[in-house]
Amino acid sequence: MPQRLDARAPEFAAAFAALVDAKRDDAADVSATVAGIIADVKARGDAAVAELTARFDRVQLDAAGWELTAAEMDAALAGLSPDLRAALDLAATRIRDFHERQKPVGNDAVDTAGVRTGVRWTPVDAAGLYVPGGRAAYPSSVLMNAIPAVVAGVRDLVMVTPTPDGAINPLVLAAARVAGVSRVFRVGGAQAIAALAFGTGRIPKVDVITGPGNAFVAEAKRQLYGTVGIDMVAGPSEVVIVSDGGSNPDWIAADLLAQAEHDPVAQSILITTSAAEADAVETAVARQLETLSTAAVAGASWRNFGAIITIGDLADALPLLDALAPEHAELMVDDPDWLFQRMRHAGSVFLGRHTPEAAGDYLAGPNHVLPTGRRARFASGLSVADFMKRTTFLDCGPRGLAAIGPAGAAIADVEGLAAHAASIRLRLR
């Protein structure tokens, strides 16, 4: 059974704090194992990658082929049914259009002192995209990670994906072709992240790595940040749904289970002003689980990490939302904008009863790669800017340096940096 909380109960503050702070990440300490894999790949390159792939995925890369060819991607795309091909194309178009509007704009201006300053945005040269090969082998993730890089203008987009026992999801290959991926390697795990970070004889070095993965992949990204840029270290997925008592309980239940079926440690939370709605939703979840094909995973998530919170007034949802800082927030209320304008922390917000989070997962446009584990307090979802860097520039000229140089030299004197002061004063004489 999910946890039931009442915000008006005297013990609520302590119970809610425990809910917020509860750890759902993989408890296994994988840092030492990952550090060893990274060191091995850095030292031995392709040989280490081949040995680790044979051990973990049971694939001999030299025999099977390290790289999946353009012809294989084309064949996967050609093999789609017309309806599925149309769906992928629609998703790609909508995701691309949304991210085109995200492209940052530089600036170039001369101030009253005659000093020219500005910002120039340029893409990284190469980006790596990790695509899981297990339960989370989703073509939608290929589109969401690859298309922003293409929009940013990244020259080379390299995808790595494990192929356990040699098998690969053809939808993933088709999505890679639709999204504009340059090359695809049949390598996964921490060794794939290390290979992208350092480069090996076969796998090229990249500047940024994005994409979801298991605990070993996430830890490899964490350890290699600084050697290479990363999108984020993501944890189990989560959704918080706020309802005002006027929503269809079956809709809410379906949305809660849609999140729960991602992972046994995913979390689905309902906040409602109606105790009757809370009861109806709990009943609806139990009924839908009886026929849900992913009931084993979704049921475990709902039983162990699900929660239903009743509140007295919609305004009471605001501090709860901001404390949870959820990856996804669904506002299933009459006036979702009222809540949206007042809440502060969420990875992505879904407004109104006809906006299920699942629509955002696939083709609405906004990116579904989002901060989890309360990281929405300080982090944002994947965007075009993650594949670009900002370069500032400065042009003083004689007049500008004459206007601001003396003050700079004075500050250098106070800091005891004589050469700094001299580099300015020599030009002022």
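Structural notes, computed from the coordinates. (Residues numbered from 1 in each chain as written. Predicted model: local features only at pLDDT ≥ 70, side-chain atom pairs only at ≥ 80, totals over all residues. Heavy atoms only, no water.)

Overview of the overall build of the chain
Each helix and strand in the chain was counted, giving 18 helices and 15 strands. Along the first, second and third principal axes, the C-alpha atoms of the chain reach 85 × 60 × 45 Å. By the burial criterion, 46% of the 429 residues in the chain qualify as buried. In the chain, the share of contacts with a sequence separation of at least 24, taken over all contacts with a separation of at least 6, comes to 74%. (Helix = DSSP H or I, 4+ residues; strand = E, 2+ residues; numbered from the N terminus. Buried < 20%, exposed > 50% of the residue type's maximum accessible area, 1.4 Å probe, protein only. Contact = heavy atoms within 4.5 Å.)

Describing the pairing of strand S14 (residues 348-351)
When a strand is regular, its side chains alternate between the sheet's two faces. Alternating residues of S14 divide into Ser348 and Phe350, all buried, and Val349 and Leu351, none buried. Pairing of strand S13 (residues 328-332) with S14 involves 4 bridges; the strand directions are parallel. Across the sheet, the residue bridging to Glu330 is Phe350, located in S14. (Pairing = 2+ DSSP bridges.)

Things to note about the nonpolar core
Formed by 40 residues in total, the largest nonpolar core has its most connected members in Val142, Leu143, Met159, Val181, Val184 and Phe387. Those elements that provide at least two residues to this core are helix H5 (70-78), helix H6 (82-100), strand S5 (126-130), helix H7 (139-152), strand S6 (156-160) and helix H8 (170-179). For Phe387, the contacting residues outside a window of four places in its chain are Pro123, Val124, Ala127, Asn145, Pro148, Ala149, Ala152, Val154, Val208, Thr210 and Leu382. Grouped together as the second largest cluster of nonpolar side chains are 33 residues, Ala50, Leu52, Ala192 and Val228 included. (Core = buried A, V, L, I, M, F, W, Y, C linked by side-chain atoms within 4.5 Å.)

Considering the sheet that holds strand S4 (residues 116-123)
Here we have 3 strands laid out as an open sheet, ordered S3-S4-S15, and antiparallel in their pairing. Since the sheet does not close on itself, it has two edges, and those belong to strand S3 (107-110) and strand S15 (388-395), each with one partner. With direction set aside, neighbouring strand axes in the sheet form an average angle of 15 degrees. For S4 and S15, the ladder comprises 8 bridges, and the chain directions are antiparallel. If you follow Thr122 over to S15, its bridge partner there is Lys389. (Axes fitted to C-alpha atoms, helices over the stretch in contact; angles between N-to-C directions.)

A short note on the environment of Asp89
Secondary-structure assignment places Asp89 in helix H6. Residue class for Asp89 comes out partly exposed when judged on its relative accessible area of 28%. Distance from Asp89 to Ala175, taken between C-alpha atoms, is 9.0 Å for residues 86 residues apart in sequence.

Regarding helix H2 (residues 31-44)
Taking 1.5 Å of rise per residue, the 14 residues of H2 would be expected to cover 20 Å, and the 20 Å separating its terminal C-alpha atoms lies within 8% of that figure. When H2 is considered as a whole, its buried residues turn out to be Val34, Ile37, Ile38 and Val41. Relative to the axis of H2, the buried residues are bounded by an arc of 100 degrees and lie together on one face. Residues Ala32 and Ala43 are exposed on H2 and point more than 90 degrees away from its buried face. Once H2 finishes, Gly45 follows within two positions and takes phi at roughly 60 degrees, a positive value. (Expected span 1.5 Å × (residues − 1). Arc of directions from axis to C-beta.)

Focus on the pattern of salt bridges
Scanning all chains against the criterion turns up 19 salt bridges. Two residues, Arg183 and Glu67, come together in a salt bridge whose shortest N-O distance is 2.8 Å. Of the two residues, Arg183 is situated in strand S7 (residues 183-185) and Glu67 in strand S2 (residues 67-68); the sequence distance between them amounts to 116 residues. A residue is classified by how much of its surface remains accessible, and Arg183, at 31% relative accessible area, is partly exposed. Its salt-bridge partner being Asp74, residue Arg177 comes within 2.7 Å of it at the nearest N-O pair. (Salt bridge = Lys/Arg side-chain N within 4 Å of Asp/Glu carboxyl O.)

Quick word on the sheet that holds S13
If you trace the 6 strands from one edge of the open sheet to the other, you get S1-S12-S11-S10-S13-S14, paired in parallel fashion. Where the open sheet ends on each side, the last strands, each with one partner, are strand S1 (3-6) and S14. The average undirected angle you get between the axes of adjacent strands in this sheet is 15 degrees. Direction of pairing for strand S11 (residues 267-272) relative to strand S12 (residues 307-310): parallel, over a ladder of 4 bridges. Looking at the pairing, Ile269 lines up with Ala307 of S12. Against the sheet, helix H14 (residues 317-324) contacts strand S10 (238-243), S11, S12 and S13, and its axis sits at roughly 175 degrees relative to S10.

Points about the packing of aromatic side chains
Taken as a whole and judged by the stated rule, the model has 1 aromatic pair. Both rings, one in Phe12 and one in Phe16, keep their centres 5.4 Å apart while their planes meet at 20 degrees; by these two values the pair is stacked. Residue Phe12 and its partner Phe16 are both found in helix H1 (residues 12-21); the two are separated by 4 residues, about one turn of the helix. (Phe/Tyr/Trp six-rings, centres within 6.5 Å; stacked < 30°, edge-to-face > 60°.)

Points about unusual backbone geometry
Even without being a glycine, Arg58 presents a positive backbone phi close to 60 degrees. Its relative accessible area of 48% is what places Arg58 among the partly exposed residues.

Some points on the packing of H7 against H8
Taken N-terminus to C-terminus, the directions of H7 and H8 make an angle of 20 degrees; their axes are 9 Å apart at the nearest point. Between H7 and H8, the crossing angle belongs to the class labelled roughly parallel. Crossing hand, H7 versus H8: right-handed. Listed contacts from H8 to Pro139, Val142, Leu143, Ala146, Ile147 and Val150 of H7 are Leu171, Val172, Ala175, Ala176, Val178 and Ala179. Here the contact of H7 with H8 is composed, by residue class, of 12 nonpolar, no polar and no charged. (Parallel < 35°, antiparallel > 145°, perpendicular 65-115°, else oblique. Left-handed = near helix turned anticlockwise from the far one by under 90°. Nonpolar A, V, L, I, M, F, W, Y, C, P; charged D, E, K, R; others polar.)

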